[in-house]
Structure formats: structure tokens, C-alpha cells
Amino acid sequence: MKEKMVLVSAVRDYINRMLQDISGMKMLILDSQTVRIVSVVYSQSELLQKEVFLVELVDSISKSKESMSHLKAVCFLRPTSDNIQHLRWQLANTRFGEYHLFFSNMLKDTQIHILADSDEHEVVQQVQEFFSDFVALDPYHFTLNIPSNHIYMLPAVVDPSGLQHFSDRVVDGIAAVFLAMKRRPVIRYQRTSDIAKRIGQEIAKLMYQQESGLFDFRRTEVSPLLLIVDRRDDPVTPLLNQWTYQAMVHELIGIKDNKVDLRSIGKFPKDQEEIVLSSEQDAFFKANMYENFGDIGMNIKRLVDDFQQVAKSNQNIQTVEDMAKFVDNYPEYRKMHGNVSKHVTLVTEMNKIVEEGKLMLVSETEQELACNGGQVAAFEAVMKLLNNESVSDFDSQRLVMLYALRYEKESPVQLMQLFNKLASRSPKYKPGLRLQSCGKKLLSFKVIVQFLLKQAGVDKRTGDLYGKRDLLNIARNMARGLKGVENVYTQHQPLLFQIMESITKGRMRDVDYPFVGTHFQQGRPQDVLIFVVGGTTYEECRSIALQNASNSGIRFVLGGSTVLDSKSFLKDLEEAQRISRSSTSVV
């Protein structure tokens, strides 16, 4: 991966080539997934500059009969059988002067024949494959936005076609990344995960057998590495509160395809109901996305102070609320620094959520559970928070789950006491009653925790999640203790950090992460794609960015089936548990 061939620029290059070579007025026709692929790397105004005057979805445009022969149709679609059928209809009932067909992945021969046979009016000018079948959120982080993400937790017998559909989508997405980068990797997977092994074998079959010609690029010194791991190897990271900017916005408010919808949390001016958070389009966000919450406030304040000097205003700005009031009182500031005012809005809202939910107290205990020992102290700390009425039910659940994961082998009695405490705190946790879950059959919280331990407990994990067997970790924790903890809220490092360290040092054990087939790594890879089946987190995205900035000589890229926060992780658990329970199979 050369510097420019990072994910965002790879997809942008494809879209540029698609649009700039076709002169005149254009309509861009997308499907529900390619619309997301385009929207994260290309703005509305950039599309206008390329003479794209309308953007429509392929399924809705098929219903319209209106002729638009003055426009050229540029179709950018996933090569699915549904999309091919939509195009057949379009070509039989032509509405545009020309059709330019671009697909985000490999077309089957049969699909090419269907398109050729359908083009009776000879309006198709070109058919091309542009390998961008993934949503490039950041230069080194992509997602596949798979809707039924919980399926990875189910045994194959429960929903064979659902699982096949899931793994096909992952194989397609990863294949497109390597085709965009013109590389063929060696493949390793997490030994304890059936789904990681299955995906690894299917990708190897595609790259080395079915489409070996397509992947036969110029050999490099060392092949890149594709490592497929399972979210269940690190269930702690998606359960934690976050304190660095991008991760925190996702956890407390939600980010979807680099957009934050503020309508769910209050009333805002029209121009601030949806905020774009893109490292490519927003210099302040790029500089601050991995900074911790305290520093963000200071950095925004510095920008507001600079403006005050220009505006000869001498308001005393000490708090986040003061900043928000200042932005409201100075509409010209908003005009000049619309970018900064959106960050003031975000920080103000997150500040309210943190204070109301006592999240600093909650987070301190979470970090202790994730990073340090001491079961007695941990039990007392969790119990104390369960007694605090300001701590939400959701945060109480997460604390009990983190406690259960940490001490599953040593304190069944205390865990029962925590369940009982939850039950006395809220009637919905009483045994026999059910946790609310999307209006479907309801599950008790205790059942969910048992399911979590069955799915992601110590017996199922490959990695050393709590550093108990790792002398390096003990030394590191001692050193950290001597230096003084930089920030008690960001002590935790995801398991991914250890995985990258072991790859960088050439210490990744074959027994834990076997190779697929007979293609082995010769020497240290320069490019590594780590794919997390079950979803990535923005905390892990930050680890990847920091590792890449450390100049270790290895470039890491992170991908996943979705991007998780604690709510979506818990929802996946509940849904998987509900399905396994109602299926006749024993999980």
C-alpha cells in the first residue's frame, strides 16, 4: 500500500475516474450500499462540480417512467442479482441517453451476458468493475455495514443461509480491498473461531483458485498479511465508555457513515441537525479525533479565544456552556467558523450526558475492571455504583457484564449478589421477568450474561485479554504505575494493540493464528489488514492510527462487519441469544 493507496483515496480515485471521463449532465444511480460507499468520501458539492445533477436509488428509479434522454445515467452498483434485474428493466425501458455501468466488485460471466442481452437499444457505453465494495470511514478503517451482524455468534446449523450470506459479504468486501490495492495476501485466522476459519478458507479459495488470474499481481518482496479475528476474543473493548473524541461521540450520540444525527438528543438549528465528522474534510476533527475529552475542550477554547481577539469581544469563557453561549450570540462566528461551532455543539451535548449519567465515576470503575486486579475492591466499587440512582440501568448492566467477564472463574457468589442488586434496583431485572429487546421475545439479564460468558468467556478466547500470563504486561503496568497514570479513563488498550505488537515483533504464534493453505509468510509483512468478524470499535481504529504513526515499518488497516458501540454490541448479544434459544439446537 503506497502512501496514496489508503482506503479513502482508493475509493475517491475510482469515483473520480467514473465521473470525470463522462462529459455533460449526469444522473448518478446507486443502491442502498453504494450510496453509503460514495457519501463517506465524496460531498454533495463535489458531485455538482462533476456535473452530477441528480442522485437516485436504483430500486426507486425503476418505478419511474419519465424520459430523461438529456441526462447520462452513471450507475454504480453492487453486482447483486437484484441490481442486475433492476438494470434489465432499465435497459428494456430506456429513459436516459446513455448508460455507463460500474460495479463495486467482480461480475459473474452470467451477469455480463444478461446485461449484453438486455441492451437491445444499444445505450450501454461501458461496463467496468471498480473495486470499492467497502465503506472507507478513515484512511485505515473500513466497515461493511452488515445489517444482521449478530449472525456471527450463531452455530452454522441455526441459520446456514444467513451465515453463508454473512460470510459471502465479508469475502466480497475483503477481496475488493485487496483488488483496489493490487495485492494478494497470505491469510491467517484466529484458531478458536469457526467463522474466522470459514471466511479465511473462502477468501483463499477465491484468491488462489477461482480468481487466481485476477489476483496475480506483480510479486513484492513480502506478501501482505490478512488476519481474520473474532470480536468475541475481546468483548471488553465494545463494552467500555470512551474518552477520546471520535470514539466518545459514537458511544454517547452515535456516528453512522461519518455523520452524527443530533435530532435524537434535542432541538438544534437546521444546519446543525446532522453533523459530518470526516478526517478528510475537517481539519479540526483530523487533528483532534484521537485526543482525550479534556484536551478537545481546551483546543476548541483556543480557537474561540482567537476569534474573540479579532471580534474585540472580552466575554469570560471558562466552561463548555460559556462556549456554547458565545457561539449562539455571535452568528458571524458561526459563519466564519461553522466547523468549530459544530464541535462546540458536540462537546456541549456530550458534557451534559457525562454529568447527568455520572459517567466519570462509572468509567473509573470500568477501567479498573478492564486493566487492574483486585476482585474484592472491584466488587465493592460495582456494588456502590449499583446503589447510586444517578447511574443509568444501561451503565449498571455494562458494569455487571465487565465484572462477570473479569471474574467468571472466581466469584459466582458475588456475581449472584450483583444480579440480585440489579433486581432490587429495577423490576425489569427480577428473575422470571424479561429484558426489553426490540419488541421481540424478551430475555432476562442473567441469561444474557451467561450467554456472553458462553460466547466470549475465558475458555473461548485466544488472546491474553487481561495480561495474566504476559510478563511484559506486568512490567508495563508497573512502569505505568511508576510514571503515574496519564489518564485514568484511557488506561485500557484493546487486545488488537497486543496483536499488532506481536506482528511487529514477529512473535505471532502459528498455533493461535494458523495460516490458510500452503501460503506462508516469508519475513515480516509491510502491510497488514486485520478484519474483525463481528465489528470494530473506534478505540481500535485509534490504536491502528497510533501504531501507523509510530513508523514501525508496517502499515496496518482495520476492517469489520460493522462499527460497534456498547448498545449495538449488547443488541447483537440479545438477538443471537434469542435466536439460539428459539432454535432446537443446543448452543
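In this text, all values refer to a predicted model and were calculated from it rather than measured experimentally.

Parameters at a glance
- Residues numbered from 1 in each chain as written.
- Predicted model: local features only at pLDDT ≥ 70, side-chain atom pairs only at ≥ 80, totals over all residues.
- Heavy atoms only, no water.
- Phe/Tyr/Trp six-rings, centres within 6.5 Å; stacked < 30°, edge-to-face > 60°.
- Helix = DSSP H or I, 4+ residues; strand = E, 2+ residues; numbered from the N terminus.
- Buried < 20%, exposed > 50% of the residue type's maximum accessible area, 1.4 Å probe, protein only.
- Lys NZ or Arg CZ within 6 Å of the ring centre and 35° of its normal.
- Pairing = 2+ DSSP bridges.
- Axes fitted to C-alpha atoms, helices over the stretch in contact; angles between N-to-C directions.
- Contact = heavy atoms within 4.5 Å.

Asker: I'm lost on the packing of aromatic side chains in this one. Help?
Answerer: To describe a pair of aromatic rings, you give the distance between the ring centres and the angle between the ring planes. Scanning all chains against the criterion turns up 11 aromatic pairs. Each ring, one from Tyr14 and one from Phe130, has its centre 5.1 Å from the other, and the planes form 20 degrees; the classification is stacked. Of this pair, Tyr14 sits in helix H1 (residues 7-20) while Phe130 is found in the loop between strand E5 (124-129) and strand E6 (135-138), placing the two residues 116 residues apart along the sequence. Assessed through its relative accessible area of 3%, Phe130 is described here as buried. Through pairs of rings, three or more aromatic residues link up here, namely Tyr14, Phe102 and Phe130. Just above the ring of Phe394 sits the side chain of Lys567; from NZ or CZ to the centre is 4.9 Å.

Asker: What is the right way to look at the sheet that holds strand E12 (residues 527-533) in this model?
Answerer: Sheet strands associate in pairs through backbone hydrogen bonding, adopting either a parallel or an antiparallel arrangement. Spatially, the six strands line up as an open sheet ordered E6-E7-E13-E12-E9-E8, and their pairing is mixed. Looking at strand neighbours, the two that pair on one side only are E6 and strand E8 (186-189), the edges of this open sheet. Direction aside, the axes of adjacent strands within the sheet are offset by 25 degrees on average. Inspection of the sheet shows E12 paired to strand E13 (residues 555-560) by six bridges, in the parallel sense. The residue of E13 that forms the bridge with Leu529 is Val557. Across the sheet, helix H22 (residues 538-549) lies against E6, strand E7 (141-143) and E13, angled at about 165 degrees from E13, the strand it touches most.

Asker: Just checking my understanding: could you explain the side chain of Gln367 for this structure?
Answerer: When you line up the elements, Gln367 lands in helix H15 (residues 359-371). When near neighbours in sequence (up to four residues on either side) are disregarded, Gln367 contacts Leu240, Asn372, Val488, Tyr489, Thr490, Gln491 and His492.

Asker: Could you clarify how one ought to interpret the pairing of strand E9 (residues 225-230) in this entry?
Answerer: For a regular strand, side chains alternate in direction, first toward one face of the sheet and then toward the other. Most of E9 is tucked away: six of the six residues are buried. In E9, alternate side chains face the same way, and those of Leu225, Leu227 and Val229 on one face and Leu226, Ile228 and Asp230 on the other are all buried. Taken together, the four bridges between E8 and E9 define a ladder with parallel strand orientation. From the neighbouring strand, Val186 faces E9, where its bridge partner is Leu225. Where E9 meets E12, six bridges bridge the pair, whose relative direction is parallel. When the sheet's bridge partners are listed, Asp230 is paired in E12 with Val533.

Asker: How do you make sense of the sheet that holds strand E2 (residues 52-57) when you look at a structure like this?
Answerer: As summarised here, the arrangement of the five strands in space is E2-E1-E3-E4-E5, forming an open sheet in which the pairing is parallel. The sheet terminates laterally at E2 and E5, the two strands that pair on one side only. The mean angle between the axes of side-by-side strands here comes to 20 degrees, regardless of whether they run parallel or antiparallel. Sheet topology note: the strand E1 (residues 26-30)/strand E3 (residues 68-77) ladder contains five bridges and is parallel. Within E3, the residue paired with Leu28 across the bridge is Val74. Taken strand by strand, H1 contacts E1, E2, E3 and strand E4 (96-103), and its axis lies near 160 degrees from that of E3.

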